[in-house]
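So you can see what is in the structure, the chains are spelled out below.
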Amino acid sequence: MDHHSIILKCLRDHGPMGKDGISRVTGLDVNQCSRALPILQRQGLVELTGHTVLSDSNRPERQWRAVL
């Protein structure tokens, strides 16, 4: 399974989360998530929720969700 599929499955299975949460759940590197999310967004598979969540460093980060 490629990174994009892993991220999409994570968001479908676990609901909206930030890139740090996706990284934690999937075991992917945060940078892999950061690069993949905009690509998935352009493909219409994920979208921003308009909310922020705290990152692992306690900074606000954008929350993503799968488009069902």
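Residues numbered from 1 in each chain as written. Predicted model: local features only at pLDDT ≥ 70, side-chain atom pairs only at ≥ 80, totals over all residues. Heavy atoms only, no water.

**Q** Go over the overall build of the protein chain, please, and point to the residues and values.
**A** Looking only at helices and strands, the protein chain has three helices and two strands in total. Each helix (α) and strand (β) of the protein chain, taken in turn from the N terminus, gives the series α-α-α-β-β. For a compact globule of 68 residues, the expected C-alpha radius of gyration is about 11 Å, and the protein chain comes in at 11 Å, within 12% of that figure. Summarising its shape, the C-alpha atoms of the protein chain cover approximately 30 × 25 × 20 Å along the three principal directions. In the protein chain, buried positions account for 34% of the 68 residues. For the protein chain, long-range pairs separated by at least 24 residues make up 42% of all intrachain contacts whose partners lie at least 6 apart in sequence. Taken as a whole, the protein chain presents about 4,300 Å² of accessible surface, with 49% of it coming from carbon and sulfur. Across the protein chain, the 9 positively charged side chains and the 7 negatively charged ones have centroids separated by 4 Å. (Helix = DSSP H or I, 4+ residues; strand = E, 2+ residues; numbered from the N terminus. Rg over C-alpha atoms; globule rule 2.2 N^0.38 Å. Buried < 20%, exposed > 50% of the residue type's maximum accessible area, 1.4 Å probe, protein only. Contact = heavy atoms within 4.5 Å. Areas by Shrake-Rupley, 256 points an atom, 1.4 Å probe, with all protein chains shown as cover. Lys, Arg positive; Asp, Glu negative; His and termini not counted. Charge placed at Lys NZ, Arg CZ, Asp CG, Glu CD.)

**Q** Can you break down the pairing of strand S2 (residues 60-66) residue by residue, with the values?
**A** As defined by bridge partners, strand S1 (residues 46-54) adjoins S2 across six bridges and the pair is classed as antiparallel. In the sheet register, Thr-52 faces S2, and the bridge partner there is Arg-62. Following S1, the chain reverses through five residues before pairing antiparallel with S2; Asn-58 in that reversal takes a positive phi of roughly 60°. (Pairing = 2+ DSSP bridges.)

**Q** Can you tell me about the nonpolar core, naming the residues and giving the values?
**A** Counting 14 residues, the largest nonpolar core has Ile-7, Leu-11, Ile-22, Leu-37 and Val-46 as the members making the most contacts within it. Where this core is concerned, the elements lending two or more residues are helix H1 (3-14), helix H3 (30-42) and S2. When sequence neighbours within four positions are dropped, the list of residues in contact with Leu-11 reads Met-17, Ile-22, Leu-37, Val-46, Trp-64, Arg-65 and Ala-66. (Core = buried A, V, L, I, M, F, W, Y, C linked by side-chain atoms within 4.5 Å.)

**Q** Could you give an account of the state of the cysteines, with specific residues and numbers?
**A** Tallied over the entire structure, the rule returns zero disulfides. Just so you know, Cys-10 is unpaired, no disulfide at all, and the nearest cysteine sulfur is the one on Cys-33, 7.8 Å from it. (Disulfide = S-S within 2.5 Å.)

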